[in-house]
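Summary of structural features
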Amino acid sequence: IEKLAVADALRAIRFAECVVVLIDATMPIESQDLTLCNLVAQEGRAIVLALSKWDIVEDKQKTMKEIESKLEDVLPEIRGVPVVTISAKQERGVDKMMKAVFEAVDRWSARITTSQLNRWLEAAISKNPPPAPSGRRIKIRYATQASSRPPTFAVFGNQMAKMPESYKRYLVNGLRDHFDMPGTPIRLFLRSQGNENPWKERKFHTPSRLRKHKEKN
């Protein structure tokens, strides 16, 4: 039964747009909860965290800070995930939770123009240039949004295969902060674009009008 329940939950996540992860606020956040949040992020779904039984939590401020800190440390890929509190006994929090769900879906469906994206990219590179492995600096040329739901971006440049994960996280966090996408899973793909022009060595002999006229006659 437990295996069937897990399989059904996984299937629901894959077909969902936004997943609400329900956590008992009276208990310490468990590894199973974090694993579920991580799975939602890997599937690229919008996510909202709902803390249940909030009416019987004694130190509400401390509990909220502990949960947010735990998520920040363990799941940086969904940094800023919206956290709402609900109480079934008091019938409170459902409206607030649904508002967070719709806002999360809007961010998840966001489209950013190429001009906006590249203005941000230019500023991000100026503030913190890419590293220079083996003495040759990685050069980022431009970026574009490939798709949404979740927001997916492609960054083009030279030596992109040598880009360290730390700089990739810097770009993802910059996207999330600048374009107001807290808690949204972001996909970032690096595409190498060499200086070689595949048509450079090819010569096209286009006959002149005079030559065409002579050949015709």
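Above this text sits the structure in question.
In what follows, the accompanying structure is described. (Residues numbered from 1 in each chain as written. Predicted model: local features only at pLDDT ≥ 70, side-chain atom pairs only at ≥ 80, totals over all residues. Heavy atoms only, no water.)

A cis amide bond, omega 5°, links Arg149 with the succeeding residue Pro150. Mapping Pro150 onto the fold places it in the loop between strand 4 (139–147) and strand 5 (152–158). One non-glycine residue with positive phi stands out, namely Gln159, at about 60°. Residue Gln159 is classed as buried on the basis of its relative accessible area of 14%. Residue Asp180 is not a glycine yet carries a positive backbone phi of 55°. (Helix = DSSP H or I, 4+ residues; strand = E, 2+ residues; numbered from the N terminus. Buried < 20%, exposed > 50% of the residue type's maximum accessible area, 1.4 Å probe, protein only.)

One pass over the full model with this rule turns up three aromatic pairs. Centroid distance Trp120 to Phe179: 6.3 Å. Interplanar angle 65°. Geometry classified as edge-to-face. In this pair, Trp120 is assigned in helix 5 (residues 114–127) and Phe179 in the loop between helix 6 (165–178) and strand 6 (187–192), connecting sequence segments 59 residues apart. When sorted by exposure, Trp120 lands in the same class as Phe179, which is buried. Relative to Phe156, the ring of Tyr142 has its centre 4.8 Å away and its plane inclined at 15°; by these criteria the two rings are stacked. Placement of the pair is Tyr142 in strand 4 and Phe156 in strand 5, with a sequence separation of 14 residues. (Phe/Tyr/Trp six-rings, centres within 6.5 Å; stacked < 30°, edge-to-face > 60°.)

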